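Fold and contact review
One letter stands for each residue in the lines below.
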Amino acid sequence: MRQIMYLQAINEALNEEMKRDDKVFIIGESVQGSAFNTTAGLVQKYGVDRVMDTPIAESGIAGAAVGAAMAGYRPVADLMFADFMYCCADEVFLKAAMWHFMHAKKVNVPLVFKACIGGYARLSNEHSRCPSAMVMHHPGLKLVQPSTPYDAKGLMKTAIRDDNPVCFFYHKMLLPLTGDVPEEEYTIPFGVAEVKKEGTDVTVVATSFQVHQVLAVAAELEGRISVEVIDPRTLEPLDMETILKSVEKTGRVVIVDEDTERCGVGAEIGMQIVEKAFDLLDAPPKRVCSGNMPIPGASLEQYCLPSAQKIKAAIESLMD
Amino acid sequence: MKPVGIIANPASGKDIRRLVAFGSVFDNNEKTNIVKRLLMAMDSVGVEKVYFMPDYFHIGPRAMDDLGIALELELLDMRLGGTQDDSTRAAKIMNDLGVACIVTLGGDGTNRVVAKACADTPLLPISTGTNNVFPSMVEGTLAGLAAGVVASNNLPLEETTRRAPRLELWRDGELADIALVDVVVSAASFTATRAVWDASTILEIFLTRAEPNHIGFSAVGGHICPLPPGSGKGLHILIGPGERRVRTPIAPGLICWLDIASHRVFGPGEEIAVSHSPAMIALDGEREFGVAKDQRLTVRINLEGPLVVDIDRVLEGACQCALFVCDQENQGGSHEAGKGRPA
Amino acid sequence: MKLEKEDLLKLYRNLARARVLDQLAIKMLSEGKFMGFYHSAFGGEAPGVGGTTFLRQDDYIYPHHRGHGIPHACGKGGDLQPFFAEHCGKATGTTKGMTGFHGCDPEHGMYGGGGTIGSAFPLSVGWALAAKKNGRGQVSVCFFGDGSMGRGTFHEAMNMAANWKLPVVWVCENNGMGQYVPIKDAYPLDDIANMASAYGIPGVVVDGQDVVAVAEAVVAAVERAREGKGPSLIECKCLRFRSHAEGIPDWYHAEKRSEEEVKELMKRCPVALYRNRLLEQGLLTQEDAERIDRELAEEAAEIERQCDEAPFPDPSVLENAVYA
């Protein structure tokens, strides 16, 4: 099978969906040239009316996307860095997420907020955040965090076709990652987690870039501790069934997510596990997340974000 | 040195002609600049006191800001209604205060409402806009110098000013209103956005002057029966199928054909009834009031309208009186030159 | 577009209706039938009515929160009973009781109003974008108060719309007050229309108490937009006769707004001004005016009755309500 980069997989998904449905258009800052190359080459194919470069105006971009979506279009609003979502919080969280409910389902908001997340590039606090928990926390927004090129393409296509607002968070460290992606048309449904690696001793639920950190640790621990790695792929809807099935097998679970620990993704999944599978647990759930602090830049970044050592230590601690 | 009054209409430039025609936008920042130039010039020739009509943009105080001049600007103590009545009231107050002249910044409409109350105080109208006939397109500094010369009282009024005529609307034996340039009778039912831009609603026109080289309804007359200012006559035109058609610029960028049914020159002492009722009366380009079906409205021309400063004559006259030039030994700095000692 | 007699009478009826229904809303809130709050448009109905009466059904509008969309819906068309039912929290409301607030009427291009001031602007850009892409000549008309122009969203939207020449008309209902803060203390210049020139679009000021002036100006702006000439900003100088919201004091900063001043303002009641001019011109007779008053009173009574009788929504509507 051919291998393509994660960023190319996203580009292909956008291209295919724009070809398939002329209501799909991209709007955002520098999308024609494409800050991360995920939208590169599209303006040449679809023109400036469907790949729209905007001024620096997050509220304007997000709000225009909401309005156009309500009027029957399917915009992909590219917010560039997910950190910039704070600039358009009203439009994302109060409008996009909530107006379908507020209008008694009379209007849909079929859009995608596309943004890159994550650290490890030492870009400091306002270019490294993963607002995953914040998105999960606001009912009405679906949340997609693919970890592989295959997942990225299939999930982006589903996101565009979904009649609801979807946050598509792609990790900046994954952009050059290559992986198998078939030529044929395919989509991946939301709410279906994937067991990225089977194991028997400890379940590790990992998101986005952390999937790869965890797989590396799991390879290192192979022979001593058998780690099962589950990638939820979408955090809303969240496939708890697959996670609980694994916990039933292992009785031990670590959640590894890059968003801030306090009230984070780990808190939510961990609590759900305790609520639903308390009797199946041999030990309390653990979480490895970013520290409860803003994300430092430069050389200090490494002490805040999840690291291989912290992941390994967490897994090992469950085996004591 | 008498004081000078300034009435700057803050409203012009934001009417519906911005949507239906192509008038220039004389925003209030630009008017503030003009006032700055006026004040600098007046100060330089020794004007000590300027009375200024207040407004919500604070044109006066903004203009004084950072000028560093000796002249004192005093805002009139008056309540603002935010309507054209403010200008009329300001003109009355300034006339009562005995100002040498009232400098106006605005269009035909501004000067019209000022003329209602300025009595014999001369007007010095500066045009801020392109849809104007009455005020001059004069640079603010020159206007300020001229105002200062008038205020210095060194030249006789007969030499510095001329009388402009006015059209008068009479209803039931009483003077209802005036216009300085044109009265337009239209079929519109409401004053609404005031401006007149729909040629198809025009029924008849009265003019104090008819010149092809001016914008607006004066140009209609200018093409069929030119009447220069100072002719002492007025022109009455009935619109409708008849004699001929005239292509005319009724607003900036808005050129249309009007059918001329008939026209007649008239003079002071004559009284012409408005031929249509019900109708809407527009004065100097703005719809003002309606005439009801059974009402009788008549139009007269009165040659004793407001006094208007003739800037060219003033500045030429000042030159002859050596108000701007003095001998080398008397020189006390350029701003002293105008402290007005005739030759 | 020339306003013929039937247009002028339609405008009157819409205006009179907006007044009657605003008064009904005040009454129903005071009687505890309305849940939540109400921001009366009393005195300021003309911009909403004048700005919507001559729009197409498929034009989009964002109604100003003042009046909760009542004046705007009166002009735009549609049944107003569900607006009232929604405020009573009933299942027959525009959003089935889910908001108790939003007048959402997609068939008439009304998609509700946000609770954050300034929501209007980017959404209106979105609808204008859709309108442009649809290619049918639709426009997006965004109504907002003087208070909103302080939000950053105003600037972003004005800029984006002007830059792309989108078919949007910005209609500011400037009643001089942003809750307790007078506009003169929230903005250093006189007219909000000044802001238009910063974006290269025309800005016009009209008397917001004169419904015909508003209609004339908005019609001209809408025609420009339909012709692809881009956005414009119409500032209606209007008035607010009651406090910002029912039940809260009518403050000007930290002091009560002077009652004499309000009495003075009420001399420019937009409904009375227009009715009197129509009567003077013989376009409306006294009998017509009284007949209209009676019909509107009947409509108001019927609206209230239907609200009283309608059921509350069953909590089961909350299930599966989050996602499409």
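Residues numbered from 1 in each chain as written. Chains lettered and ligands numbered in written order. Predicted model: local features only at pLDDT ≥ 70, side-chain atom pairs only at ≥ 80, totals over all residues. Heavy atoms only, no water.

A tally of helices and strands in chain C yields eleven helices and eleven strands. For chain C, whose C-alpha radius of gyration is 19 Å, the value lies close to the compact-globule estimate of 20 Å for 324 residues. In terms of principal-axis extent, the alpha carbons of chain C reach across some 55 × 50 × 45 Å. Counting across all 324 residues of chain C, residues that qualify as buried make up 60%. Put simply, 75% of the contacts in chain C that link residues at least 6 apart link residues at least 24 apart. Positive and negative charge centroids in chain C, built from 35 and 45 side chains respectively, lie 3 Å apart. (Helix = DSSP H or I, 4+ residues; strand = E, 2+ residues; numbered from the N terminus. Rg over C-alpha atoms; globule rule 2.2 N^0.38 Å. Buried < 20%, exposed > 50% of the residue type's maximum accessible area, 1.4 Å probe, protein only. Contact = heavy atoms within 4.5 Å. Lys, Arg positive; Asp, Glu negative; His and termini not counted. Charge placed at Lys NZ, Arg CZ, Asp CG, Glu CD.)

Once that is clear, we can look at the overall build of chain B. What chain B contains, in helices and strands, is nine helices and 17 strands. For chain B, the C-alpha radius of gyration of 21 Å lies close to 20 Å, the compact-globule estimate for 343 residues. Projected onto its principal axes, the C-alpha positions of chain B cover 70 × 40 × 40 Å. For chain B, with 343 residues in total, the buried portion stands at 57%.

When the parts of a complex come together, some accessible area is lost, and that lost area is often taken as the interface size. In this assembly, 20 residues from chain B lie in contact with 29 residues from chain C. A buried area of about 1,900 Å², summed over both sides, lies between chain B and chain C, and 61% of it is on carbon and sulfur atoms. When the buried area of chain B at its contact with chain C is split by residue, Lys14(B), Leu19(B) and Phe190(B) rank highest and sum to 41% of it. Inspection of the chain B/chain C interface yields two salt bridges. A salt bridge links Asp191(C) to Lys14(B), with the shortest nitrogen-to-oxygen separation between them at 2.5 Å. (Buried area = accessible area lost by both parts, 1.4 Å probe. Salt bridge = Lys/Arg side-chain N within 4 Å of Asp/Glu carboxyl O.)

Okay, the interface of chain A and chain C next. Taken together, the contacts link 41 residues of chain A with 36 residues of chain C. Ranking the residues of chain A by area buried against chain C places Tyr73(A), Phe101(A) and Lys106(A) at the top, with a combined share of 18%. The interface formed by chain A and chain C holds zero salt bridges in total. No other element matches helix H3 (residues 58-70) of chain A, which puts ten residues into the side of chain A that touches chain C. Residue composition of the side of chain A that touches chain C, grouped by class: 20 nonpolar, ten polar and eleven charged. (Nonpolar A, V, L, I, M, F, W, Y, C, P; charged D, E, K, R; others polar.)

So, on to the environment of Gly115(C). Within the secondary structure, Gly115(C) sits in the loop between strand E3 (110-111) and helix H5 (120-134). Counting along the chain gives 14 residues from Gly115(C) to Phe101(C), while the straight-line C-alpha distance between them is 9.2 Å.

Once that is clear, we can look at the sheet that holds strand E7 (residues 166-171) of chain B. Residues and elements named next belong to chain B. Across the sheet, four strands lie side by side as E8-E7-E16-E13; this open sheet has antiparallel pairing. Looking at the sheet topology across the chains shown, the edges are occupied by strand E8 (174-179) and strand E13 (272-273). In the sheet, E13 pairs with strand E16 (residues 297-302) via two bridges, with the strands oriented antiparallel. Across the sheet, Ile272 pairs through a bridge with Val299, a residue of E16. (Pairing = 2+ DSSP bridges.)

Further remarks concern the sheet that holds strand E14 (residues 286-290) of chain A. Residue and element names in this part refer to chain A. Across the sheet, which stays open at both edges, the five strands sit in the order E9-E11-E10-E13-E14 with mixed pairing between neighbours. The open sheet terminates on both sides in strands that have one partner only, identified here as strand E9 (194-197) and E14. Within this sheet the neighbouring strands show an average axis-to-axis angle of 25°, counted without direction. The strands touched by helix H8 (residues 210-221) are E9, strand E10 (202-206), strand E11 (227-231) and strand E13 (253-260); relative to E11, the strand with the most contacts, the crossing angle is about 170°. (Axes fitted to C-alpha atoms, helices over the stretch in contact; angles between N-to-C directions.)

Quick look at the pattern of salt bridges now. Here the structure, examined in full by the defined rule, presents 71 salt bridges over all chains. Between Glu168(B) and Arg166(B) there is a salt bridge whose closest N-O contact spans 2.9 Å. In this structure, Glu168(B) and Arg166(B) share a single accessibility class: buried. Two residues, Glu309(C) and Arg305(C), come together in a salt bridge whose shortest N-O distance is 2.8 Å.

Turning our attention to the pairing of strand E4 (residues 74-81) of chain A. Residue and element names in this part refer to chain A. In terms of residue burial, E4 counts as a mostly covered element, since eight of its eight residues are buried. Two elements, strand E2 (residues 24-28) and E4, share five bridges in a ladder whose sense is parallel. For Val24, the partnering residue across the bridge sits in E4 and is Arg74. Inspection of the sheet shows E4 paired to strand E5 (residues 112-117) by five bridges, in the parallel sense. Bridged to Phe81 within E5 is Cys116.

Turning our eyes to something else, we now look at the side chain of Thr248(B). Residue and element names in this part refer to chain B. Mapping Thr248 onto the fold places it in strand E11 (residues 234-251). The exposure class of Thr248 is buried, given its relative accessible area of 0%. When neighbours within four sequence positions are excluded, Thr248 is seen to be in contact with Gly216, Ala219, Val220, Leu254, Ile255, Cys256 and Leu258.

What follows covers the arrangement of the chains. A comparison of contact numbers over the two pairs of chains in contact places chains A and C at the top. What separates chain A from chain B at the closest point of their C-alpha atoms is a distance of 26 Å, and the two make no contact.

This next bit is on the environment of Asn95(B). Residues and elements named next belong to chain B. Following the sequence through the fold, Asn95 ends up in helix H4 (residues 85-97). Sequence separation of Asn95 and Cys118 is 23 residues, and the distance between their C-alpha atoms is 5.6 Å. If sequence neighbours within four positions are ignored, Asn95 has contacts with Ala117, Cys118, Ala119, Asp120 and Thr121.

Here we come to the domain arrangement of chain B. Residue and element names in this part refer to chain B. Entries for chain B in the domain assignment read domain 1 (4-163 + 310-331) and domain 2 (166-302). A straight line from the C-alpha centre of domain 1 to that of domain 2 covers 28 Å. Taken residue by residue, the interface counts 19 residues in domain 1 and 24 residues in domain 2. Where domain 1 abuts domain 2, roughly 1,800 Å² becomes buried across the two surfaces, and 64% of that area is made up of carbon and sulfur atoms. Inspection of the region where domain 1 meets domain 2 yields four salt bridges. For Arg17, the salt bridge identified is with Glu286, shortest N-O distance 4.0 Å. At the surface where domain 1 touches domain 2, the tally comes to six residue pairs in polar contact (both at pLDDT 80 or more). Secondary-structure elements contributing two or more residues to the side of domain 1 that touches domain 2 are helix H1 (17-20) and helix H5 (108-115). (Domains from an automatic or database assignment. Polar contact = N/O pair within 3.5 Å; in protein donor to acceptor, adjacent residues only side chain to side chain.)

Residues and elements named next belong to chain A. Across its twelve residues, H8 extends 16 Å between first and last C-alpha, which sits within 8% of the 16 Å expected from 1.5 Å per residue. Restricting attention to buried positions, one finds in H8 the residues Gln210, Val211, Gln213, Val214, Val217, Ala218 and Leu221. Angular distribution of buried residues about the axis of H8 spans 160°; they occupy a single face of the element. Exposed and oriented more than 90 degrees from the buried face of H8 are Ala219 and Glu220. (Expected span 1.5 Å × (residues − 1). Arc of directions from axis to C-beta.)

This part is about the side chain of Arg209(B). Residues and elements named next belong to chain B. Tracing the backbone shows Arg209 in the loop between strand E10 (202-207) and helix H8 (217-224). Within the local environment of Arg209, its side chain forms a polar contact with the side chain of Glu211, the two groups lying 2.9 Å apart. If we ignore the near neighbours within four places in the chain, the residues touching Arg209 are Val133, Phe134, His214, Ser218, Leu227 and Pro229.

On to the nonpolar core, then. Counting 87 residues, the largest nonpolar core has Ile27(A), Phe113(A), Phe169(A), Ile243(A), Ile269(A), Ile273(A) and Trp170(C) as its most contacted members. Top contributing element to this core by residue count: H5(C), with nine residues. In terms of domain composition, this core takes at least three residues from each of domain 1 (3-180) and domain 2 (194-319) of chain A. Not counting residues within four places of it along the chain, the set of residues in contact with Ile243(A) comprises Val205(A), Ile230(A), Leu238(A), Ile269(A) and Ile273(A). Counting 71 residues, the second largest nonpolar core, distinct from the first, contains Leu11(C), Phe84(C), Cys88(C) and Leu283(C). (Core = buried A, V, L, I, M, F, W, Y, C linked by side-chain atoms within 4.5 Å.)

Here the structure, examined in full by the defined rule, presents 23 aromatic pairs over all chains. Arranged with centres 6.4 Å apart and planes meeting at 80°, the rings of Phe36(A) and Tyr170(A) form a pair that is edge-to-face. Of the two residues, Phe36(A) is situated in the loop between E2 and helix H2 (42-46) and Tyr170(A) in strand E7 (residues 166-171); the sequence distance between them amounts to 134 residues. Since its relative accessible area comes to 0%, Tyr170(A) is described here as buried. Arranged with centres 5.8 Å apart and planes meeting at 55°, the rings of Phe34(C) and Phe84(C) form a pair that is tilted. Here Phe34(C), found in the loop between helix H1 (5-30) and helix H2 (45-52), pairs with Phe84(C), found in helix H4 (residues 81-87); they are 50 residues apart in sequence, far enough to count as distant. Judged by relative accessible area, Phe34(C) falls into the buried class, the value being 5%. In this structure Phe84(C) comes out as buried when scored by relative accessible area, which is 1%. Over the face of the ring belonging to Phe57(B) we find Arg62(B), whose NZ or CZ atom lies 4.7 Å from the ring centre. Positioned above the aromatic ring of Phe289(B), the side-chain terminus of Arg171(B) is 5.2 Å from the ring centre. (Phe/Tyr/Trp six-rings, centres within 6.5 Å; stacked < 30°, edge-to-face > 60°. Lys NZ or Arg CZ within 6 Å of the ring centre and 35° of its normal.)

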